[in-house]
Amino acid sequence: MDNYREEIVVKKNRMVNNVLHAMLCVLMVFCALLAAVSLSSLTMSQNLVMSIVWTLVNAGIAFLIWWKKDILRLEYEYTFTNGELDFACVMGNKKRKNLGTMRVKNVEACGMVASGSFRRYLSMPGLKKHNWFLNRDGNLLYFYYQKNGEKHIIIIEPTQEMIDMIKIYLPRGTFQTN
């Protein structure tokens, strides 16, 4: 019997992000219109260099907003399959970025972020921290492991069902309770 679970983590309070996303879309359209108007008036302009710069700046702002606006609609996806945990980031329900795969049996320490053991690992020098969660008040779980001589800590926001499934595959004594 396979142990499989897939979870998608979304931000609990998305109102601020939705309002900001709508404002950025309006700003993007406004900058694109300004760029189009200033491009059409290039031939009648007395200062050609300033008109070209103004056109490029507005077009650049519109392009950057279009390119980065989906970061406000971020989701994390965790997939657990028989001891392997896959992490992915989904932006705007369109772009999916694979963050990595971790074999749970290679984890040296695991536990809840609220526990005291988390602070001990967090203070290690040379630690690479991966925050793959959206809600700070959520049920946060950490994994500490070493890969290629580098220390890593991953912080995720799984449900209790996934935590129970992960515990089955962890090496004995790895899950920290205090």
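Quick caveat: nothing in here was measured; it's all calculated off a predicted structure. (Residues numbered from 1 in each chain as written. Predicted model: local features only at pLDDT ≥ 70, side-chain atom pairs only at ≥ 80, totals over all residues. Heavy atoms only, no water.)

So, the pairing of strand β3 (residues 84-91)
Stated formally: Burial classes: relative accessible area under 20% of the type maximum marks a residue as buried, over 50% as exposed, and values in between as partly exposed (1.4 Å probe, protein chains only). In DSSP terms, a helix is any run of H or I states spanning at least four residues, a strand is any run of E spanning at least two, and both are numbered starting from the N terminus. Only strands that DSSP links by at least two bridges are regarded as paired with each other.
Among the 8 residues in β3, 6 count as buried, and that is most of the element. Between strand β2 (residues 74-81) and β3, which pair antiparallel and follow one another directly, the connecting turn spans 2 residues, one of which, N82, has a positive phi of 45°. Note: β3 against strand β4 (residues 95-103), 8 bridges, orientation antiparallel. When the sheet's bridge partners are listed, E84 is paired in β4 with R103. Between β3 and β4, which pair antiparallel in sequence order, lie 3 residues; one of them, G92, sits at a positive phi of approximately 65°.

Things to note about unusual backbone geometry
Even without glycine at this site, N82 takes up a positive phi of about 45°. In this structure, N82 sits in the loop between β2 and β3. At N93, a residue that is not glycine, the phi angle is positive and equals roughly 55°. Within the fold, N93 resides in the loop between β3 and β4.

Structural measurements only, silent on function.
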